[in-house]
Amino acid sequence: MKAREETRGPFSLTARRHLGRAATSAVRNRFGVVARCDPLLLLLAAAFVAGGANATELDTAKLAQVRSAVAEAPTVLRIQARGQVTETFAEGLRSDIRKDLQKLVADPEVGTMASAALVAVDARDEPALLSLRDRLVALERAHGRSR
Amino acid sequence: MGGLVEILLGIMTAVGGFVEVSEATFAAQAGSRFGYSLLWAFAVATVGIIVFGEMSGRVAAIAKQPVFALMRQRLGLTLGLFTLAASVVVSLITCAAEIGAIGLVLNLLVGGPYLGWAVLSTSVLILTVWSMPFKWIERVFGLLGLVMLIFAAATLKIGPDWSQALKGLVPQFPFEASRTDQLAYGYFVVAIFSAVLFPFETYFYSSGGIEEHWSKKHLMVNRLTTGVGFSLGSLLAMALLINSAVLFRPAGVDPQQPGTLALQAAIPFGKWGLAAALVGLLMAFAGAAVETCLSAAYSVAQFFGWPWGRYKRPGETPRFTLAWVGAFLVSLMIVFTGIEPLKLVEWSIVSSIMVLPLTYLPLLLLANDRSYMREHANGPIANVLGVGFYVILLVVAVAALPLFVLTAGGQR
Amino acid sequence: MRNGQIIKVFAQLRDLEIFDAEDQLCGIADDVELEGAPGGALRIAALLVGPGAYGARMPRILARGLQVVAGRSMVRVPWSAVDHVTSRIRLNKTARELGLLAFERRLQPLLRRIPLS
C-alpha cells in the first residue's frame, strides 16, 4: 500500500516525491491537460481542486465505477447508431449507466466527475465521453490501478 | 441407443447449466481488467468441479447418499448444522442474484419494470418446478441454456489473438503489476474458484442422481456428464472472458450489469445476436435460480430426514415442498430490498468459498470409505486430485475475506 | 448390519437415514437410547427421531433456537422395529405404525387441494 502522506494537492512537488513513478507521470500529464482548454476537462480539473481530492486518498473503486460507466456510454451510442441493438436495449443500458453515475454524484471524492459524466451521457456527446474516459484511466493509473 | 441419448442429454444439460450470473459476471470482469491472464483460473477450477462433481455423483449412485445426509454423519450435528445454515444462506443470496438478474435481462429485452419482472419470473419458476418432474426441470433449463453458445460463436467471429489466449491458460501472477492490481488479481482468482465450485452445484447434482435412482450402471454417465459436460461448459465461461478481453478491455468497460454481457454478441452479430444472448442469459439465470432454490430445500430436507424429491408429487413431500417454495419467496424478498444483483453476487461468492471446505470434506471422506463404496471408492488419481484441490480450497477460503475487503469486492 | 455383525453405535448408527418397510424415508436417527445398568451389559433400546432428540446433542442456546422453529417432538422407534442396518437403517414396520412422519400426514391434505400436487 502507498504511504498515505498528506499533500498540498495533486500539483504539489511533495506529492510527486511521495507518490512514486506512476503518479509522477500522471502529475506531468495533469499539467498537460490543464494546458488544453476542453470544457469538460476544465470541469474535471475544477473538480479536483474544488473537491480538494487528495491524490493519495481517492477511492479507486469509485473511480473505476465512473470510468466504466463513462466508457460504456459511447459504446452503446455507437452500436445504437449502427442499428445493431434494439431501442429498448439501448435505452435500458443508458438508464443503467445513468443510475450508476447518479449514485456517485453525492460522493465527495468522485461526485463532480460523476456529474460531468452525466451531462455528457444526457447530451450523447461521444467525443466528450471518450475524452473523459481517457482522463479517468490516467487518474486510475496514478493510483496504481492499471488500464 | 437409449444409453447414448442419455449421455448426450446429460452432457448438453451440463453445458447449458454451467454458467450462471456469478460466473458470467466475473468472467467478463476478469477479461476486461486482466485480459486473457485469468483463463487458467477457469481451467483449474473446472478440474476441481469435475473431480468433486464426479465424486458426488458416484457417492449418490453407489452409497445412495446425498451430500447433506453425509454432512451430519461426517461432521457431527453442531458443525453440520452450521454448514447447513451457511449453505442455505449462500443458496438464498445466489438465488436472489439470479432472480434479480432475470428481472434486469427481461427489462432490457422487452422493457417494463425490473421488480415486476422479478415477481413474474419467480411465479413462473415456482409453477414450473411444481408441475414438472425432476428430469424435465433439469433438461428443459439445461438445454435452453445452450442458447448461450451464441457467446462462443461471438468468440469465433471476433477472432481473438489465439496465441495470447492460450498463454492465459498457463498459471501466472502479475508480479510486475502494482499492489492494487496484484490484490485485485488475487481476488479474481478467489472469485472464479468460488463461482465455478459453488457448493449448490454438487448438492443439486448429487440429489439429482438420487432423484433419478442412479446405480452402478450410471457411473459412466456420471463420468461423461461431469468430465465432458463441465469442460465444455467451462469453455463457454472462457468465451465470455475472451470476448470481454477483446471488446471491453480496450474500451475501458467493466461489465457491472448482466445486460452489458449481451453486447458481446450484439457487436459481432447485431440484433439477432443480441436477442440470442439475452435469451441465453435468461435461461442460464433461470436454471441457476431453480438449482439454487432446490439445493437449499434439498439441504434442509436431507439434513433433517424429511421425505424429499421432485420425482414425487409436491403433496407427497409437504415439508420439502414448503422449503423450496419458501426459498423462492425469501429470495424474491431479498430482491425487493433493493440490493443490486451484482452486490448479491459479490456476497454469495465470498461467503460460498468460505463454506466450500466444510462441504467437500464429507464428500472426500465418504468417497474413500470402502464400507460404503466398495470397489468404487476413490482410486489413487481421484485421491491425489481430491486432496490436492481440497488444499487449494483451504488456501482460497482463508484468503477470500481479506481480499474481498482490501479490494472492495474486486472494484479497486 | 446382520446378526453377529459389529457396528459402532454412535459412528455408524446415529445420524443415518431411516427407511420404513415401504422404502419411504421417514427420518434420521437423531439419537440412540441405551438400556442397562453400570457395570452390566448395555443394549440398544430404541432410536430417537425428532427435534426433541437432537436438541440434547447441541449447545443449549442453539437447541433452544431450533426448538422455537421445529418444536420438541420426538418419536421413539423400538430397536425391535429395525430390520437391518447398511448405509441406511431399514425398518420392518411402516412409518405410520411407528408414528413417524406425523407432520407430513397433517400437511398432505392441505397441499393436495392445490392443483397438480
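Residues numbered from 1 in each chain as written. Chains lettered and ligands numbered in written order. Predicted model: local features only at pLDDT ≥ 70, side-chain atom pairs only at ≥ 80, totals over all residues.

J.: Pulling in residues and values, what's your account of the overall build of chain A?
T.: Of regular secondary structure, chain A possesses seven helices and zero strands. What you see in chain A, going N to C, is helices and strands ordered as α-α-α-α-α-α-α. Out of the 147 residues in chain A, the part that is buried amounts to 39%. Restricting to contacts in chain A with at least 6 residues of sequence separation, those with at least 24 account for 69%. (Helix = DSSP H or I, 4+ residues; strand = E, 2+ residues; numbered from the N terminus. Buried ≥ 20, exposed ≤ 12 C-beta atoms within 10 Å, placed from the backbone. Contact = placed C-beta atoms within 7 Å.)

J.: I'd like a rundown of the pairing of strand β5 (residues 75–78) of chain C, residues and numbers included.
T.: All names here are of chain C. Residues Val75 and Val77 point to one face of β5 and are all buried, whereas Arg76 and Pro78, pointing to the other face, are not buried. Pairing of strand β4 (residues 43–49) with β5, which is carried by four bridges, proceeds in the antiparallel orientation. Bridge pairing in β5 places leucine 47 opposite valine 77. (Pairing = 2+ DSSP bridges.)

J.: Hey, could you go over the interface of chain A and chain B for me, with residue numbers and the actual values?
T.: The interface is formed by 27 residues belonging to chain A together with 27 residues belonging to chain B. For the side of chain A that touches chain B, the secondary structure elements donating two or more residues are α4 (60–81), α5 (87–104) and α7 (126–142) of chain A. Residue contributions to the side of chain A that touches chain B peak at 10 residues, all from α4 of chain A. Residue classes in the side of chain A that touches chain B are distributed as 10 nonpolar, 10 polar and seven charged. (Nonpolar A, V, L, I, M, F, W, Y, C, P; charged D, E, K, R; others polar.)

J.: Any chance you could break down the sheet that holds β5 of chain C for me, citing the residues and the numbers?
T.: Backbone hydrogen bonds hold the strands of a sheet together, and the pairing may be parallel or antiparallel. All names here are of chain C. The sheet built from three strands is open, its strands ordered β3-β4-β5 with antiparallel pairing. Only two strands of the sheet have a single neighbouring strand rather than two, namely β3 (31–35) and β5. Strand after strand, the sheet turns through a mean of 30° between neighbouring axes, direction not considered. (Axes fitted to C-alpha atoms, helices over the stretch in contact; angles between N-to-C directions.)

J.: Account for the packing of helix α7 (residues 134–144) of chain B against helix α15 (residues 271–304) of chain B, naming residues and giving values.
T.: Residue and element names in this part refer to chain B. One can describe the packing of α7 onto α15 by two numbers: an axis separation of 8 Å at closest approach and a directional angle of 150°. With respect to α15, the element α7 is oriented roughly antiparallel. As α7 packs across α15, the resulting crossing turns out to be left-handed. Residues Ile137, Phe141, Gly142 and Leu144 of α7 form the contact with α15, whose own contacting residues are Met283, Ala286, Gly287 and Val290. Among the residues forming the contact of α7 with α15, the class breakdown is six nonpolar, two polar and no charged. (Parallel < 35°, antiparallel > 145°, perpendicular 65-115°, else oblique. Left-handed = near helix turned anticlockwise from the far one by under 90°.)

J.: Mind laying out the environment of cysteine 293 of chain B, listing which residues take part and the relevant values?
T.: All names here are of chain B. With respect to the helices and strands, cysteine 293 occurs in helix α15. Accessibility expressed as a C-beta count within 10 Å gives 32 for cysteine 293, which makes it buried. Not counting residues up to four positions away in its chain, the partners in contact with cysteine 293 are Cys95, Trp324, Ala327, Phe328 and Ser331.

J.: Give me the lowdown on the nonpolar core, citing residues and values where you can.
T.: All names here are of chain B. Within the largest apolar cluster, 203 residues are counted, with the highest numbers of intra-cluster contacts made by Ile192 and Leu241. Residue contributions to this core peak at 23 residues, all from α15. Residues within four places of leucine 241 in sequence aside, it is in contact with Ala27, Ala28, Ala30, Gly31, Leu38, Leu39 and Phe42. (Core = buried A, V, L, I, M, F, W, Y, C linked by C-beta atoms within 7 Å.)

J.: Which residues make up the interface of chain B and chain C, and what are the values?
T.: Across the boundary between the two partners, chain B contributes 21 residues, which contact 22 residues of chain C. At the level of secondary structure, the elements contributing two or more residues to the side of chain B that touches chain C comprise α4 (67–75), α5 (77–110), α6 (114–131) and α16 (318–336) of chain B. Within the side of chain B that touches chain C, the residues separate by chemical class into 10 nonpolar, seven polar and four charged.

J.: Go over the pairing of strand β2 (residues 25–28) of chain C with me, naming the residues and quoting the values.
T.: Residues and elements named next belong to chain C. For strand β1 (residues 17–19) and β2, the ladder comprises three bridges, and the chain directions are antiparallel. Paired with glutamate 17 across the bridge in β2 is isoleucine 28. If you look at the hairpin formed by β1 and β2, you'll find five residues sitting between the two strands, and aspartate 23 has a positive phi there, around 60°.

J.: How would you sum up the sheet that holds strand β7 (residues 89–91) of chain C? Please name residues and give values.
T.: Residue and element names in this part refer to chain C. The strand order across the open sheet formed by four strands is β2-β1-β7-β6, and the pairing between neighbours is mixed. Looking at which strands have only one partner, the edges of the open sheet turn out to be β2 and β6 (82–85). Averaged over all pairs of adjacent strands, the angle between their axes in this sheet comes to 25°, without regard to strand direction. Direction of pairing for β1 relative to β7: parallel, over a ladder of two bridges. Along β7, the bridge assignment pairs phenylalanine 19 with arginine 90.

J.: Hey, could you go over the environment of leucine 98 of chain C for me, with residue numbers and the actual values?
T.: Residue and element names in this part refer to chain C. In this structure, leucine 98 sits in helix α4 (residues 95–98). Residue classification places leucine 98 among the buried positions, given that 21 C-beta atoms sit within 10 Å. If we skip the residues at most four places from it in the chain, leucine 98 touches Val75, Val77, Ala81 and Lys93.

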